[in-house]
Protein chains: 2
Amino acid sequence: MTIARTPEPPYYAVIFTSRMSDGDNMGYGAMGNKMVELASQQTGFLGVESVRGGDGFGITVSYWTTLEAIEAWKNHSLHQVAQDKGKAEWYQQFGLRVAKVERDNFMGM
Amino acid sequence: MTIARTPEPPYYAVIFTSRMSDGDNMGYGAMGNKMVELASQQTGFLGVESVRGGDGFGITVSYWTTLEAIEAWKNHSLHQVAQDKGKAEWYQQFGLRVAKVERDNFMGM
């Protein structure tokens, strides 16, 4: 994983924080990779950063040009399938926040 | 780590994405814990979520009521010491983004 190279603000961030269900969570890794690949092909996608710790707690932040781009990705049919599986099986808990990035600052990039 | 219980939007998120320096990064863990404890005592602090992966890549998102609260925390003298150590020693790279949370959605909380 690397730090996303985003353009000058303003742009949008979707902060997705989750706790995995107990169990083997079969298919989750493959679906996650597929979703990152698919997201990166969508209009308005700017980048993604993602980490999951050993305790099953994870944070994924994706960056987008506009709220419309976020809405279109939310409604993408294959993403809908993944969301349904996530709610039904993979995630014990999650929080999703849509936020407008107003300023940013980088070191070493 | 748990998903932060934040109030109804709007509120602010500080998304801090970082890659650790190679080496033992002595003192980093203790300072990180101290900073979370200190941040949580500041006016306007709403919560924090943090994960670091085995590859040294980490995401910490802290939540705040206002930009003024974020600015005050940025300028806190002990936090300044930590920031200086971070830039000089612990972080190889980082990205810091300040964003206004406009909507959110939770499951299982």
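Just so it is clear, the model here is predicted, and its values are computed rather than measured.

Novice: Help me out: how do you make sense of the overall build of chain A in this one?
Specialist: Across its full length, chain A holds three helices and four strands. Each helix and strand of chain A, placed in order from N terminus to C terminus, yields the pattern β-α-β-β-α-α-β. The C-alpha radius of gyration of chain A comes to 14 Å, within 12% of the 13 Å expected for a compact globule of 109 residues. Considering only C-alpha atoms, chain A reaches an extent of 40 × 30 × 20 Å along its principal axes.

Novice: Explain the UniProt feature "domain: ABM" (unreviewed entry) in chain A here, please?
Specialist: Under the feature "domain: ABM" (unreviewed entry), the UniProt entry names residues 34–84 of chain A. Along residues 34–84 of chain A, the helical share is 43% and the strand share 31%, with 15 Å between the first and last C-alpha atoms.

Novice: Can you help me understand the interface of chain B and chain A in this one?
Specialist: Many descriptions give the size of an interface as the accessible area lost when the pieces come together. Contacts between chain B and chain A engage 46 residues on the former and 46 residues on the latter. Both faces combined, the contact of chain B with chain A buries some 3700 Å², and carbon together with sulfur accounts for 57% of it. Between chain B and chain A we count four salt bridges in total. Here Arg103(B) ties to Glu71(A) by a salt bridge, and the two come within 3.9 Å at their closest N and O atoms.

Novice: Looking at this model, I keep getting lost on the sheet that holds strand E1 (residues 11–20) of chain B. Mind explaining?
Specialist: The pairing of strands in a sheet happens through backbone hydrogen bonds and is either parallel or antiparallel. Taken in spatial order, the eight strands of this open sheet run E2(A)-E3(A)-E1(A)-E4(A)-E4(B)-E1(B)-E3(B)-E2(B), and their pairing is antiparallel. The open sheet terminates on both sides in strands that have one partner only, identified here as strand E2 (45–52) of chain A together with strand E2 (45–52) of chain B. Along the sheet, successive strands turn relative to each other by an average axial angle of 25°, direction set aside. Two strands pair when backbone bridges link them, and E1(B) and strand E3 (residues 57–64) of chain B are joined in this way by eight bridges, in the antiparallel orientation. Looking at the pairing, Val14(B) lines up with Ser62(B) of E3(B).

Parameters at a glance
Residues numbered from 1 in each chain as written. Chains lettered and ligands numbered in written order. Predicted model: local features only at pLDDT ≥ 70, side-chain atom pairs only at ≥ 80, totals over all residues. Heavy atoms only, no water. Helix = DSSP H or I, 4+ residues; strand = E, 2+ residues; numbered from the N terminus. Rg over C-alpha atoms; globule rule 2.2 N^0.38 Å. UniProt positions renumbered as here; feature names shortened; annotations may be inferred. Contact = heavy atoms within 4.5 Å. Buried area = accessible area lost by both parts, 1.4 Å probe. Salt bridge = Lys/Arg side-chain N within 4 Å of Asp/Glu carboxyl O. Pairing = 2+ DSSP bridges. Axes fitted to C-alpha atoms, helices over the stretch in contact; angles between N-to-C directions.

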